[in-house]
Amino acid sequence: QKEVEQNSGPLSVPEGAIASLNCTYSDRGSQSFFWYRQYSGKSPELIMFIYSNGDKEDGRFTAQLNKASQYVSLLIRDSQPSDSATYLCAVNMGSGYSTLTFGKGTMLLVSP
Amino acid sequence: DAGVIQSPRHEVTEMGQEVTLRCKPISGHDYLFWYRQTMMRGLELLIYFNNNVPIDDSGMPEDRFSAKMPNASFSTLKIQPSEPRDSAVYFCASSLRAAGLVTQYFGPGTRLLVL
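Please read all numbers here as calculations on a predicted model, not as lab measurements.

Undergrad: A description of the side chain of E44 of chain B should follow, citing residues and the corresponding values.
TA: Residues and elements named next belong to chain B. Tracing the chain through its elements places E44 in strand β5 (residues 42-50). Classification of E44 as buried rests on a relative accessible area of 15%. Excluding residues within four positions of it along the chain, E44 makes contact with W34, Y35 and R36.

Written as structure tokens, this is what we have:
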């Protein structure tokens, strides 16, 4: 059973702080990794993806990937109340797969 | 560009009735996915198509569920007969496999309530 695990939260951080969201996956052959943001009552929205070990930065967001540890994270710098949402980690298990396996998401609450 | 379009956005029906959900993928995308989301189970893949052909329907919960994709710009998910436990948000997503990446884009979803 290929799994993607996330802490359900909520993760509470004050405005301006760094929020760190974590995700682990079970399939060592996984090749690409995605972070989606889902506001309450809305659909998942792609934030960024990563497929190489290391860090990838996009504005206030940084994705970090460690394939040896089967671990991917999302850092949100200068967190804003508008960042309050559920963040879904999704994994593509490899070149033979066209699907994504989603974690159940971590709820982030940013307080003013 | 228009994103993934789904209709209806909300559906309330009575147990035993037929429900049809509709999806128009992003133009040019060759994959289409149907998901169901509930608090308990999260986002579950029901079925996906590649170039209008169903590839994997192992996530379809029962024979009461069926999906079709008659052409590249339209897909339906049908539940007949519907049951209260089918109440959930149903998302359609589409993607284009490029450079080894499968990046999915979601529609707004259909909120289904079966009474």
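Undergrad: Describe the sheet that holds strand β6 (residues 54-58) of chain A, and please don't skip the residues or the numbers.
TA: All names here are of chain A. Taken together, five strands build an open sheet; the order of strands is β1-β3-β8-β7-β6 and the sheet is antiparallel. Where the open sheet ends on each side, the last strands, each with one partner, are β1 (4-5) and β6. For β6 and strand β7 (residues 61-66), the ladder comprises five bridges, and the chain directions are antiparallel. Bridge pairing in β7 places G54 opposite L65.

Undergrad: Explain unusual backbone geometry residue by residue, including any values.
TA: Omega for the peptide link from G9 of chain A to P10 of chain A comes to 10 degrees, which places this bond in the cis form. Along the chain, P10 of chain A falls in the loop between β1 and β2 (11-14). Residue P8 of chain B is reached from S7 of chain B by a cis peptide bond, and omega for that bond is -10 degrees. With respect to the helices, strands and loops of the structure, P8 of chain B is situated in the loop between β1 (5-7) and β2 (10-13). In this structure, N52 of chain B is a non-glycine residue whose phi angle is positive, near 75 degrees. Within the secondary structure layout, N52 of chain B lies in the loop between β5 and β6 (53-56). For N52 of chain B, a relative accessible area of 29% gives the class partly exposed.

Undergrad: Can you lay out the nonpolar core for me, pointing to particular residues and giving the numbers?
TA: Counting residues in each nonpolar core, the largest one holds 24 residues, and the members touching the most others are W35, V72, L74, I76 and Y87 of chain A. Other than its neighbours up to four places away in sequence, V72 of chain A contacts L21, N22, C23, F33, W35, I50, Q64, L65 and C89 of chain A. Formed by 21 residues, the second largest nonpolar core is a distinct cluster that contains V4, C23, F65 and A88 of chain B.

Undergrad: Tell me about the interface of chain B and chain A, residues and numbers included.
TA: Between chain B and chain A, the contact holds 20 residues from the first and 21 residues from the second. Between chain B and chain A, roughly 1,600 Å² of surface is buried when both sides are summed, and carbon and sulfur atoms account for 58% of that area. Counting across the chain B and chain A interface gives zero salt bridges. Listing elements by their share of the side of chain B that touches chain A, those giving two or more residues are β4 (31-38), β5, β9 (88-98) and β10 (101-106) of chain B. In terms of residues, the side of chain B that touches chain A owes the most to one element, β10 of chain B, which gives six residues.

Undergrad: So what about a nonpolar patch on the surface? Which residues, and what values?
TA: All names here are of chain B. The grouping of V12, L113 and L115 at the surface amounts to a nonpolar patch, some 290 Å² of accessible area in total. For L113, the location among the structural elements is in strand β11 (residues 110-114). With a relative accessible area of 40%, L113 lands in the partly exposed category.

Undergrad: I'd like to hear about the pattern of salt bridges, residue by residue, with values.
TA: Residue and element names in this part refer to chain B. Taken as a whole, this structure holds eleven salt bridges over all chains when the rule is applied. The closest approach of N and O atoms between E18 and K78, which form a salt bridge, is 3.9 Å. Taken together, the residues E18 in the loop between β2 and β3 (19-24) and K78 in strand β8 (residues 74-79) connect sequence positions 60 residues apart. Given the relative accessible area of 29%, K78 is considered partly exposed. For E83, the salt bridge is made with R85, and the minimal N-O distance between the two is 2.6 Å. Note on E83: relative accessible area 22%, which makes it partly exposed.

Undergrad: How would you explain the packing of aromatic side chains if you had to name every residue and give the values?
TA: Residues and elements named next belong to chain A. By the definition in use, this model includes 13 aromatic pairs over all chains. Both rings, one in Y36 and one in F102, keep their centres 5.5 Å apart while their planes meet at 50 degrees; by these two values the pair is tilted. Of the two residues, Y36 sits in strand β4 (residues 32-38) while F102 sits in strand β10 (residues 101-102), which places them 66 residues apart along the sequence. Residue Y36 is classed as buried on the basis of its relative accessible area of 0%.

Undergrad: Got a sec to walk through the sheet that holds strand β7 (residues 65-71) of chain B? Specific residues and values, please.
TA: Residues and elements named next belong to chain B. Pairing is antiparallel across the open sheet formed by four strands, whose spatial order is β1-β3-β8-β7. Each of the sheet's edge strands pairs with one partner strand only, and the pair in question is β1 and β7. Neighbour to neighbour, the strand axes of the sheet diverge by 15 degrees on average, direction disregarded. Pairing between β7 and β8: five bridges, direction antiparallel. Bridge pairing in β8 places F65 opposite I79.

What counts and what doesn't
Residues numbered from 1 in each chain as written. Chains lettered and ligands numbered in written order. Predicted model: local features only at pLDDT ≥ 70, side-chain atom pairs only at ≥ 80, totals over all residues. Heavy atoms only, no water. Helix = DSSP H or I, 4+ residues; strand = E, 2+ residues; numbered from the N terminus. Buried < 20%, exposed > 50% of the residue type's maximum accessible area, 1.4 Å probe, protein only. Contact = heavy atoms within 4.5 Å. Pairing = 2+ DSSP bridges. Core = buried A, V, L, I, M, F, W, Y, C linked by side-chain atoms within 4.5 Å. Buried area = accessible area lost by both parts, 1.4 Å probe. Salt bridge = Lys/Arg side-chain N within 4 Å of Asp/Glu carboxyl O. Patch = residues over 30% accessible without salt bridge, like charges linked within 9 Å, V, L, I, M, F, W, Y side chains within 5 Å. Areas by Shrake-Rupley, 256 points an atom, 1.4 Å probe, with all protein chains shown as cover. Phe/Tyr/Trp six-rings, centres within 6.5 Å; stacked < 30°, edge-to-face > 60°. Axes fitted to C-alpha atoms, helices over the stretch in contact; angles between N-to-C directions.

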